[in-house]
Every structure is written in structure tokens, then in C-alpha cells.
Amino acid sequence: MRTDSQLVQIVDAAFADAARRAGEWLVCRPGCTQCCVGVFAINALDAERLRRGFQELAVTDPERTARVRKRAQDSVARLSQEFPGYPRTGILDESEEAHERFEQFGNEEPCPALDPETGRCDVYAARPMTCRLFGPPLETEDGIGACELCFHGATDKQIADCVMTPDPDDLEAELVAQLEATGARGETIIAWVLSETGNTRSR
């Protein structure tokens, strides 16, 4: 059976290859936190990885864990009233209306995993897939997209030559389906997972 660890290895290797091809055009560095502001949906696999990583952090660095949890709980308190889903569990509503609300939701909210003093992620090894993909060019429905801070001065061809293919066999979808078969349902956001205020496995 294939595992999340294998998925992480595949995606991280794809990122490293894209970064090598991009060279100095890829300006992502520790302390650059633009992609750490604004909420985004994470799937059940991301949430499970975050929980495991946070549990490991609690063993190795309980003080840092407490700081992350406090930031997450503060974030949940700020976001709960307008949350486009189920605030008790942190599960996002799947309706079209909720998806439209989510587009304008929490855009200025910093990720609770972000240490505001160092500009680094406190759960970096367990971060969601979205975080692992940010920076290099990616194929999207609208064409090729990349971080707006990167690839200044590069031609369209040069950008296209650096496109990252993170999960060619769609292993993530396979692993999410396995989790859903055990009862995990729906998408959530990082703050709810790290706050420990709800059970994101059910509504």
C-alpha cells in the first residue's frame, strides 16, 4: 500500500527539480511569508499529516506547540462567525454559495503555523500540499501560474521550461479516497486542525 510519506517524497523531489531548473528566478527563501497569509482549503490527507506532525512537535518542543495552538485558537475565534461551513468541526460547506463566500474569506489571516518572529513555519515537515507547491510554475485551468514574486524578467518559454509536475500518478487522490473510506470527510483549514477545538473527521 502506498503512503503519504511516499507522496511527500514525490512532491518534494518534483519541487527540488523545478527549483534547480528555475535557478535565481525562484526567490522563495525562509522569511518570505507572502504565501503564509490568507486561508486556503486543505483535504483530509493534509489534515491528518498536520495532526501527526503537531503531535510529534508536542513531544519535542511543547513550548512551541503551545504557541502554535494559541495562534490557531485565536485564528479560529476571529474566523468562526463568517466561516463558510461548520464552525464546530471546521469542515467547509460544499455548496456553491459557500465556495463563493470562501473566495473572500480570511484573505488577511496569517497562518497560525507561521512564527511571526522568525518568518518560518513551525510545522514545516508536515505542511499541506499547497504549501509544498508554492513558487515554481504550475499548470492550471487558466494556463501556467507562478508566484508573483518569482520569475521577474523570464520569458514565457523560460517559465514553461520550469513547470513543476508534482504528482503525475495522482497518488494524493488515491490516499484521500482511502482516508474517506475510514470516515474522514470534507475539507477544512489549518487553523481548525491546529487549534484542537473540533473533530474534523465528521460534521
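Anything mentioned here points back to the structure above.
Rules used in this analysis
Residues numbered from 1 in each chain as written. Predicted model: local features only at pLDDT ≥ 70, side-chain atom pairs only at ≥ 80, totals over all residues. Heavy atoms only, no water. Helix = DSSP H or I, 4+ residues; strand = E, 2+ residues; numbered from the N terminus. Rg over C-alpha atoms; globule rule 2.2 N^0.38 Å. Buried < 20%, exposed > 50% of the residue type's maximum accessible area, 1.4 Å probe, protein only. Contact = heavy atoms within 4.5 Å. Areas by Shrake-Rupley, 256 points an atom, 1.4 Å probe, with all protein chains shown as cover. Lys, Arg positive; Asp, Glu negative; His and termini not counted. Charge placed at Lys NZ, Arg CZ, Asp CG, Glu CD. Disulfide = S-S within 2.5 Å. Axes fitted to C-alpha atoms, helices over the stretch in contact; angles between N-to-C directions. Parallel < 35°, antiparallel > 145°, perpendicular 65-115°, else oblique. Salt bridge = Lys/Arg side-chain N within 4 Å of Asp/Glu carboxyl O. Polar contact = N/O pair within 3.5 Å; in protein donor to acceptor, adjacent residues only side chain to side chain. Core = buried A, V, L, I, M, F, W, Y, C linked by side-chain atoms within 4.5 Å. Phe/Tyr/Trp six-rings, centres within 6.5 Å; stacked < 30°, edge-to-face > 60°. Lys NZ or Arg CZ within 6 Å of the ring centre and 35° of its normal.

(A) Layout of the overall build of the protein. Secondary structure summary: the protein contains eight helices and four strands in total. Listed N to C, the secondary structure of the protein is α-α-α-β-β-α-α-β-β-α-α-α in terms of helices and strands. Expected size for 203 residues packed as a compact globule is a radius of gyration near 17 Å; at 17 Å, the protein falls within 12% of this value. When the backbone C-alpha atoms are referred to their principal axes, the protein occupies close to 45 × 40 × 35 Å. For the protein, with 203 residues in total, the buried portion stands at 40%. A fraction of 77% describes how many contacts in the protein between residues 6 or more apart in sequence connect residues 24 or more apart. Only carbon and sulfur atoms are counted for the fraction: they give 50% of the accessible area of the protein, which is about 11500 Å². The average position of the 22 basic charges and that of the 36 acidic charges among the side chains of the protein differ by 6 Å.

(B) Looking closely at the state of the cysteines. Applying the stated rule across the entire model yields zero disulfides. Just so you know, Cys-111 is unpaired, no disulfide at all, and the nearest cysteine sulfur is the one on Cys-121, 6.2 Å from it. A relative accessible area of 27% places Cys-121 in the partly exposed class.

(C) Broad picture of the packing of helix H2 (residues 44–60) against helix H7 (residues 171–181). Contact pair H2 / H7: the axes reach a minimum separation of 8 Å and the direction vectors enclose 80°. When the axis of H2 is compared with that of H7, the two are roughly perpendicular. Residue-level inspection shows Ala-44, Leu-45, Asp-46 and Glu-48 of H2 in contact with H7, the latter providing Glu-172, Leu-175, Val-176 and Leu-179.

(D) Looking closely at the pattern of salt bridges. Overall, the coordinates contain 16 salt bridges when judged by the stated rule. For Asp-4, the salt bridge is made with Arg-52, and the minimal N-O distance between the two is 3.1 Å. With Asp-4 in helix H1 (residues 4–22) and Arg-52 in helix H2, the pair connects residues that are 48 residues apart, well separated along the chain. For Asp-4, a relative accessible area of 10% gives the class buried. For Asp-46, the salt bridge is made with Arg-49, and the minimal N-O distance between the two is 2.9 Å. With Asp-46 and Arg-49 both in helix H2 and three residues apart, this pair spans about one turn of that helix. Just as Asp-46 is buried, Arg-49 falls in that class too. Salt bridges linked by common partners bring Asp-4, Asp-46, Arg-49 and Arg-52 together as one network.

(E) Looking closely at the side chain of Arg-132. Mapped onto the elements of the fold, Arg-132 is located in helix H5 (residues 129–133). Residue classification places Arg-132 among the buried positions, given a relative accessible area of 3%. Among the polar contacts listed, one links the side chain of Arg-132 to the backbone oxygen of Arg-127, at a separation of 3.1 Å. For Arg-132, the residues in contact, after removing those within four places along its chain, are Val-8, Val-11, Asp-12, Phe-15, Arg-49, Tyr-124, Ala-125, Ala-126, Arg-127 and Met-164.

(F) A look at the nonpolar core. If you look at the biggest cluster of nonpolar residues, it comprises 15 residues, and the most contacted ones within it are Leu-7, Val-11, Leu-45, Met-129, Met-164, Leu-175 and Leu-179. Breaking this core down by element, the ones donating at least two residues are H1, H2 and H7. Considering each element in turn, this core owes the most residues, five residues, to H1.

(G) Local environment of the packing of aromatic side chains. Tallied over the entire structure, the rule returns four aromatic pairs. One aromatic cluster in this structure is built from Phe-83, Phe-102, Phe-105 and Trp-192. A cation sits over an aromatic face here: Arg-127 above Tyr-124, 3.7 Å from the ring centre.

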